[in-house]
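# Coordinates in review
Below, each chain spelled out in residue letters.
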Amino acid sequence: MAGARALPDDLSNLSAALPCLIASLHDIVGTDHVRRDGAGLSLHSADIWARGAAGVALIVAPGTLDELSRAVAAVSEAGFSVAPRGAGMSYTSGYVAADRHTVSLDMSRMDAILDVRAEDMVVTVQAGCTWVALNQALAPLGLRTPFWGPMSGLRSTVGGGLSQLNAMFGAGHYGTSSESVVALTLVLADGRVIRTGARDAEGRAFYRHYGPDLAGLFCGDCGAFAIKAEVTLRLMRAPAHEGYVAFSFSSGEAMLGALAELARAGLPSESCAFDPGLTRVRMARASLSGDVKTLGAVVARQRSWYAGLLAGLRMVRGGRSFVPDDGYPLHLVFEGRSAAGVQEDVAAARRIAVAAGGTEIESTIAKVIRAAPFPPLNSVLGPAGERWAPVHGIVALSGAPDLFTRLQRLFATMAADFARHGVSIGYLFTHLSTNAIIVEPVFYWPDERFAVHESAVEPSHLARLPSQAPNPAAAALVAEARRQVVAVFAEAGCGHFQIGRAYPYRQSRDAASWSLLTAVKATLDPQGALNPGVLGFDRPGERAG
Ligand SMILES: Cc1cc2nc3c(=O)[nH]c(=O)nc-3n(C[C@H](O)[C@H](O)[C@H](O)COP(=O)(O)OP(=O)(O)OC[C@H]3O[C@@H](n4cnc5c(N)ncnc54)[C@H](O)[C@@H]3O)c2cc1C
């Protein structure tokens, strides 16, 4: 069975090997960067959705490519699994331990911006660099990457974003995160280093394509093929002009029909749509102090004091009542080289949205999204401290309305159970370039929070949130609902980002593709040490426990 681990005969040998592994890792990264404290282990043993089958045995945090390569080699040589972790902001069990002989590979020290080469229009970062840090470094130079981050970008990393692919900023024009990649430097399970792309005489990457697209193989691999150590991304001049417009629709189907046509026309650089359920949650969560901060950011973002004043006045006048309670709001952002070009795009979008039945509403949320793109990650918990978990499908433009109808039908069959257990749902929708729409149902349910939630939320916000008691019945209902949603996505032929251990990727591949992928895994990681179970590669036999 390719991709499976050659297990030691006696599992206790592995536990006995731990002190020796710790000593080797101390030599490689220094004693401060190998952790076994309870708080650290608990933080690294669950993601936003679930605890792993087992806790991680220890955490190692390399700081350089050399340390990374030697640490990964030492861990796999000792017979342990490697679970790479960026910021841990995912929810498909992508980095949690498959078994108790797992080392969490903490990428947070590898957060440097290594090289901005404006003359070649590329930037190279270590994979643990956050999207916010990347954008802050590029903004003063008037530069940006085409895809420029997910909404979790205050914490989430470029390496995490490429490993499971991302939607959001820039995705409306430029597609997902991997479509902005020029080259990757990767570490294999045995510590060898792979460098992709066309590189100059000094080894600096400047162009992605040189023979087969090797970088593409590792984008969306969820860390199962190799560890991303360094990433070179394409640069572009930051667009000088922005425009915003928003519409409310009476049904999800009408809104998705409009979004599909806007995507075909290539108009918005970002879109963000909700259903009435998610609108209610967002409005309930927003705090007065948050409103004031946001107002300041929106005003500052406008190109003149007059435009700023106008935007501020509109926000104040509209309050939070600008979205009809039962509507499906679609918030759109536009960008371009000239004000006239942006205004033409906004006008074209208006024609499309109105023809599809949309009514124009205040564009406050679109402005807020642009003015404060990487907000604190307070939304990992609901407004009353409930748990939160999205699940998503990527659907062809023409298929989105029908997919929504099918999901609504499913949720109608579960409505009584949801009400009994206090589960509420909402939806988020966005588009990817001229090709696809993401439909993302979101669940809220009363349940205990984990260390990862507490570390993500701002302390002042956390202090205001009630703690919820463990609620296995509600959690089981949400797990079942997620399973049924994933089945609807599979029937509709959806694709997925953030595959982790949550989506049936393996089952969706034809036999020849899966055999190719298995052979690739066996070549890159013959012991199955990297993130066992992720993407559907066989778990290493009986190792669990
Ligand atoms: C509030 C909130 C908002 C969000 N908004 C968005 C959004 O707008 N768009 C979006 O796409 N997602 C969004 N997400 C989901 C998530 O944050 C992103 O998918 C993000 O890319 C995760 O990055 P991370 O660094 O936290 O990765 P992690 O969660 O740490 O890891 C993700 C996966 O990548 C692997 N991995 C991490 N680093 C490496 C590496 N260097 N080499 C190899 N494998 C690696 C891990 O093993 C795991 O399988 C959101 C999440 C939250 C909590």
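Residues numbered from 1 in each chain as written. Predicted model: local features only at pLDDT ≥ 70, side-chain atom pairs only at ≥ 80, totals over all residues. Heavy atoms only, no water.

### Here we look at the overall build of the protein
Looking only at helices and strands, one finds 19 helices and 21 strands in the protein. Scored against the burial criterion, the 545 residues of the protein give a buried share of 56%. In the protein, the share of contacts with a sequence separation of at least 24, taken over all contacts with a separation of at least 6, comes to 77%. Total accessible area on the protein is roughly 21400 Å²; 55% of this is exposed by carbon and sulfur atoms. (Helix = DSSP H or I, 4+ residues; strand = E, 2+ residues; numbered from the N terminus. Buried < 20%, exposed > 50% of the residue type's maximum accessible area, 1.4 Å probe, protein only. Contact = heavy atoms within 4.5 Å. Areas by Shrake-Rupley, 256 points an atom, 1.4 Å probe, with all protein chains shown as cover.)

### A word on the site of the ligand
In the neighbourhood of the ligand, 36 residues make up the surrounding shell, with Pro-84, Gly-86, Ser-90, Thr-157 and Gln-164 lying closest. Side-chain polar atom of Ser-152 to an oxygen atom of the ligand: 2.7 Å apart, as the coordinates give it. The side chain of Gln-164 places a nitrogen or oxygen atom 2.6 Å from an oxygen atom of the ligand. Contact with the protein chains covers 95% of the free accessible surface of the ligand, which is 970 Å². When residues in the shell around the ligand are grouped by element, the largest group, five residues, is from helix H5 (residues 158-164). Looking at the shell around the ligand residue by residue, the classes come out as 17 nonpolar, 17 polar and two charged. (Near = heavy atom within 4 Å. Polar contact = N/O pair within 3.5 Å; in protein donor to acceptor, adjacent residues only side chain to side chain. Nonpolar A, V, L, I, M, F, W, Y, C, P; charged D, E, K, R; others polar.)

### Here's the deal with the side chain of Asp-525
Note that Asp-525 resides in the segment after helix H19 (511-524). Here Asp-525 falls in the buried class, since its relative accessible area comes to 0%. Among the polar contacts made by the side chain of Asp-525, one reaches the side chain of Lys-521 at a distance of 2.7 Å. Residues in contact with Asp-525, not counting those within four places in the same chain, are Ala-189, Ala-224 and Leu-530.

### Observations concerning the sheet that holds strand E6 (residues 122-126)
Spatially, E5-E6-E12-E8-E9 is the arrangement adopted by the five strands of the open sheet, whose pairing is antiparallel. The sheet is open, and its two borders are formed by strand E5 (113-117) and strand E9 (193-195), each paired with just one other strand. Averaged over all adjacent pairs, the angle separating strand axes in this sheet is 10°, with direction ignored. Judged from the five bridges that link them, E6 and strand E12 (residues 227-234) form a sheet pairing that is antiparallel. Bridge pairing in E12 places Gln-126 opposite Glu-230. Across the sheet, helix H4 (residues 131-138) lies against E5, E6 and E12, angled at about 35° from E5, the strand it touches most. (Pairing = 2+ DSSP bridges. Axes fitted to C-alpha atoms, helices over the stretch in contact; angles between N-to-C directions.)

### Quick look at the pattern of salt bridges
Enumeration according to the criterion identifies 23 salt bridges in this entry. Several salt bridges share partner residues, and in doing so they unite Arg-144, Glu-242, Glu-270, Glu-335 and Arg-370 into one network. (Salt bridge = Lys/Arg side-chain N within 4 Å of Asp/Glu carboxyl O.)

### Considering the packing of helix H8 (residues 252-264) against helix H14 (residues 400-421)
Axis separation between H8 and H14 bottoms out at 8 Å; the angle between their running directions is 155°. The pairing of H8 with H14 is recorded here as roughly antiparallel in orientation. Both H8 and H14 take part in a crossing whose hand is right-handed. Every residue of H14 that contacts H8 at Gly-252, Glu-253, Leu-256 and Gly-257 is listed here: Ala-400, Pro-401, Phe-404 and Thr-405. (Parallel < 35°, antiparallel > 145°, perpendicular 65-115°, else oblique. Left-handed = near helix turned anticlockwise from the far one by under 90°.)

### Thoughts on the packing of aromatic side chains
Under the definition given, this model contains 18 aromatic pairs. For the pair Phe-225 and Phe-537, a centre-to-centre distance of 5.8 Å together with 50° between the ring planes defines the contact as tilted. Note that Phe-225 is positioned in the loop between helix H7 (214-218) and E12 and Phe-537 in the segment after H19, a separation of 312 residues in sequence. Relative accessible area serves as the criterion here: at 5%, Phe-537 is assigned to the buried category. Consider the rings of Phe-404 and Phe-429, whose centres lie 5.9 Å apart with planes at 70°: the pair is edge-to-face. With Phe-404 in helix H14 and Phe-429 in strand E20 (residues 424-432), this residue pair connects regions lying 25 residues apart in the sequence. Joined through ring pairs, the aromatic side chains of Tyr-328, Phe-404, Phe-411, Phe-418, Tyr-427, Phe-429 and Phe-443 make up one cluster. Geometry around Phe-450 places Arg-387 over its ring, the cationic atom sitting 4.4 Å from the centre. (Phe/Tyr/Trp six-rings, centres within 6.5 Å; stacked < 30°, edge-to-face > 60°. Lys NZ or Arg CZ within 6 Å of the ring centre and 35° of its normal.)

### Digging into the sheet that holds strand E2 (residues 58-60)
An order of E1-E2-E4-E3 is seen for the four strands of this open sheet, with the pairing classed as mixed. Each edge of the open sheet carries a strand with a single partner, namely strand E1 (34-35) and strand E3 (81-85). Relative to strand E4 (residues 102-106), E3 runs parallel, the two being bridged by five bridges. For Pro-84, the partnering residue across the bridge sits in E4 and is Leu-105. Here helix H3 (residues 65-77) sits on the sheet and contacts E2, E3 and E4; the angle it forms with E4, its principal contact strand, is near 170°.

### Here we look at unusual backbone geometry
Phi at Met-121 takes a positive value of approximately 55°, unusual for a residue other than glycine. Locating Met-121 in the fold gives a position in the loop between E5 and E6. Overall, Met-121 belongs to the partly exposed group, its relative accessible area being 23%. Even without being a glycine, Ser-433 presents a positive backbone phi close to 50°. On the secondary structure map, Ser-433 appears in the loop between E20 and strand E21 (436-445).

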